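In case you want the letters, here they are:
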Amino acid sequence: MNGAPPSDGTPTHGDAGNAGNSRTSSMDTAKTANTASTANTANTAADSIDSSVNPSQALAAYPSPDPAPSRPAPAAYRQAPAPSFEDLVTTALLGTDRRALAHVEPGRPAPMALLDAAAVATVRRRAGLRPARAARRPDPAPADPRPALPAPAVRRLTTLLADRSGGAGGGRRGSSPDLMELLPQWLAAANAHGYAAPPQLLPALLDAARGRTDLRPAALAFAGPRALWLARLNPDWRFALRAAPGGGAALPDPRDAEAVRRLWEEGLFAERAALLGALRVRTPALGRELLASTWATERAEDRLMFLDSLRAGLSDADEPFLEQALGDRSRNVRATAAELLSALPDSALAARMAVRASACVALDRTGSTPAIVVEAPLECDAGMERDGVVAAPPAGRGERSWWLGQLVEAAPLGTWSQRLGGRTPQEIVALPVTDGWQGELHAAWCRAAVRQRDAAWSRALLGSPSAPEAGGPGAVSLAERAKLLAALGPAERAAWVAGFIATHGLSEAFQLLGVCAVPWAPPLGQAVVDALNIARDAGSYPWSFSGVMGLAERCLDPAEAVRLEALLAIPDEREDAAPGAGGYWAEAFQRLVTTLRLRATMTRELTPPTPATTPPETPAQPREAAAQPAKRDTQPPEAAA
């Protein structure tokens, strides 16, 4: 007795952890002080089952391991097996009318009996749980040595992160700025100053980056090492580990050859790719040698990704390795190697492509004016395929034009001046092309100028921004023109786009504005504001230019807000104007001005405070000497006498 289990240790009515044993044995041991807590637990459970039942009666309802219990249990409880918790849940879901609970005490309502059984089963399940081993405490968060964010900037970031609406999504947006669209610019400015993120805002910052992939690079750079620490604790932020080099692990020092070699040979693919990318930025030769050491054993898809990392720091020293990759068994690897080699004008592949392309393009002087004559290749031989030429054209393309485009695209642009009579790129582009080959030839030159980042050819193919043709002399689309603009300097790029907007308006300028440096240069900003004013006077709705308006809010120089104040008034509507367009335009310009002023305030808040400068002290003796004449001047004449 005394609440001890049977001497043979045989459990009764369930396993050793069953709560029923605790309840039964507590009838005999409740009289002793060392088992008072067991009795209290049982009484609490009994009260939760039915407050009208006496606690001692509820405890007596369970079979006792004692062969001679002091009080026999009712027959309904003594003979009925306890239903499983799953059966109770099923009965509760279906309802006691559709599925009756087995072994219900006579006269007891079925819903009440179900609740009683659920309460008993809950206590039994809880009493049978074993204490879990305490989890290991997480390591402390790493320190962030960067300077703290100024207090006004902290408040601004809190406001930006709290506004998760993302704008109205089209139509009439109102005059309030879209704060979430200003967050990328705020992060870029904060990273430029080298500030550390406030710890209390890291969860909201990671949540914002989780919802917008375009925010992730800047947000993770601003969040610093503590973002990776948090990402290991919250599965919702695991994207930070995937975006970080090596999955959040610290990369070894490039000078530690043993650690670099070990990570390259034993690390995961993401870690190896991050290591190779970091080495190509710092020491390109070391990264190339590391890749060459295991090239033969890499998978085809891994070889392709690793080879693409060689774009960083690409130089003539990479040519031998890339030439070897031209013989790879994977077609995609061969094509990537050929593309990289064609970006090196002095490579052997570029020379081979120049010979092939020169055989297809020549200058015809037989006519009254010189012209370019084109003879596309008749076949794609094995040598062309080894150098990256894809033999099978896409649907809708002829084989010969497809091969010609690839040859001209891979040939160095310097080839054509010598081949076409020493002419400049502008003069070459101006030459007529016979037999309708101009579009194909100029499009291939555009791709070559983008790949080789040749400013002279890009300038020639872009042509004058005021040219009447929408595609320019060489580009086949505005997308091609945007790529060519990337090879020009920021000032020249902005001036060209400003001239294009002045001639063609804003309807075709959205892609071109996207490649211009931020904030827009004054000529470009003025051209955009003037074009918006013209569109307003024309009576069209402002959401027809919502894309340009959104770019202006993020890219226009905040100093332009002064010029825009004159456009805030609602103009007189013309008879042929859209109804209410003037009010909508005033609202859009109000939002633009408010956003520009807010951006200016954000810039001031992020600017580090200038330390107060103390004026240099002068020697004490000269200062006292200089004070003496002042005293004599202020003395009365009689005192001076």
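Everything that follows concerns the structure shown earlier in this document.
A quick note: this is a predicted structure, and the numbers were derived from the prediction, not measured. (Residues numbered from 1 in each chain as written. Predicted model: local features only at pLDDT ≥ 70, side-chain atom pairs only at ≥ 80, totals over all residues. Heavy atoms only, no water.)

Chemist: Looking at this structure, how should I read the environment of G383?
Modeler: As for its position among the elements, G383 is in helix α20 (residues 382-386). Residue G383 is classed as partly exposed on the basis of its relative accessible area, which comes to 32%. For the pair G383 and R352, spaced 31 residues apart in sequence, the C-alpha to C-alpha distance is 9.6 Å. (Helix = DSSP H or I, 4+ residues; strand = E, 2+ residues; numbered from the N terminus. Buried < 20%, exposed > 50% of the residue type's maximum accessible area, 1.4 Å probe, protein only.)

Chemist: So what exactly am I meant to see when it comes to the pattern of salt bridges here?
Modeler: Oppositely charged side chains are able to pair whenever their charged atoms sit close together. Scanning the entire structure with this criterion turns up 34 salt bridges. Between D214 and R212 there is a salt bridge, and its shortest N-O distance comes to 2.7 Å. Using a relative accessible area of 49% as the deciding quantity, one classes D214 as partly exposed. Note on R212: relative accessible area 18%, which makes it buried. With a closest N to O distance of 3.9 Å, E323 and R386 form a salt bridge. (Salt bridge = Lys/Arg side-chain N within 4 Å of Asp/Glu carboxyl O.)

Chemist: Sorry if this is basic, but what is going on with the pairing of strand β1 (residues 361-364) here?
Modeler: By the alternation rule, side chains of β1 split into V361 and L363, which are all buried, and A362 and D364, of which none is buried. Where β1 and strand β2 (residues 371-374) come together, four bridges link them in antiparallel fashion. Paired with A362 across the bridge in β2 is V373. Taking the residues between adjacent antiparallel strands as the criterion, β1 and β2 are bridged by six residues. (Pairing = 2+ DSSP bridges.)

Chemist: I keep staring at the packing of helix α21 (residues 399-410) against helix α24 (residues 438-452) and nothing clicks. Help me out?
Modeler: Their axes nearest at 8 Å, the elements α21 and α24 cross at an angle of 35 degrees. Crossing handedness for the pair α21 and α24: right-handed. Contact residues: α21 offers S401, L404, G405, V408, E409 and A410, while α24 offers E440, L441, A444, W445, R447, A448, R451 and Q452. When grouped by side-chain class, the residues that make up the contact of α21 with α24 number seven nonpolar, three polar and four charged. (Axes fitted to C-alpha atoms, helices over the stretch in contact; angles between N-to-C directions. Left-handed = near helix turned anticlockwise from the far one by under 90°. Contact = heavy atoms within 4.5 Å. Nonpolar A, V, L, I, M, F, W, Y, C, P; charged D, E, K, R; others polar.)

Chemist: Any chance you could explain unusual backbone geometry here in plain terms?
Modeler: Backbone geometry follows two general trends: most residues other than glycine have a negative phi, and most peptide bonds adopt the trans configuration. The step from V518 to P519 runs through a cis peptide bond, and the omega angle for that step is -5 degrees. Inspection of the secondary structure puts P519 in the loop between α28 (510-513) and α29 (522-537). Its identity as a non-glycine residue notwithstanding, D435 has a phi of 60 degrees, on the positive side. Turning to its location among the elements, D435 is positioned in the loop between α23 (425-430) and α24. Of note in this structure, R453 is not a glycine but carries a positive phi near 50 degrees. You can see R453 is positioned in the loop between α24 and α25 (455-462). Owing to a relative accessible area of 56%, R453 belongs among the exposed residues under this scheme.

Chemist: Whenever I open this one, the packing of helix α19 (residues 348-360) against α21 confuses me. Can you help?
Modeler: Between two packed helices, what matters for the description is the angle formed by their axes and the separation of those axes. For the pair α19 and α21, interaxial distance at closest approach is 8 Å and the crossing angle is 130 degrees. Classified by the interaxial angle, the pair formed by α19 and α21 is oblique. Considering the relative orientation of α19 and α21, their crossing is left-handed. Where α19 approaches α21, its residues A350, M353, R356, A357 and C360 are matched on the opposing element by L404, L407, V408 and A410. (Parallel < 35°, antiparallel > 145°, perpendicular 65-115°, else oblique.)

Chemist: Is there a simple way to think about the environment of W295 in this case?
Modeler: Mapped onto the elements of the fold, W295 is located in the loop between α15 (284-294) and α16 (300-308). The exposure class assigned to W295 is buried, which follows from its relative accessible area of 9%. Not counting the four nearest positions on each side in its chain, W295 is found in contact with R303, L307, F321, A325, D328 and V333.

Chemist: Which parts of the structure should I look at to understand the packing of aromatic side chains?
Modeler: Geometrically, a pair of aromatic rings is defined through the distance of the ring centres and the angle of the planes. Following the criterion strictly, the structure yields nine aromatic pairs and no others. Aromatic pair W264 and F306: ring centres 5.1 Å apart, planes at 50 degrees, arrangement tilted. Taken together, the residues W264 in helix α13 (residues 257-266) and F306 in helix α16 connect sequence positions 42 residues apart. With relative accessibility at 0%, the residue F306 sits in the buried group. Here a set of aromatic residues connected by ring pairs shows up, and it is made of W264, F269 and F306. A cation sits over an aromatic face here: R125 above F85, 4.2 Å from the ring centre. Across from the ring centre of F239, 4.3 Å away, lies the NZ or CZ of R216, which sits over that ring. (Phe/Tyr/Trp six-rings, centres within 6.5 Å; stacked < 30°, edge-to-face > 60°. Lys NZ or Arg CZ within 6 Å of the ring centre and 35° of its normal.)

It is worth stressing that arrangement in space is one thing and function is another; only the former is reported here.
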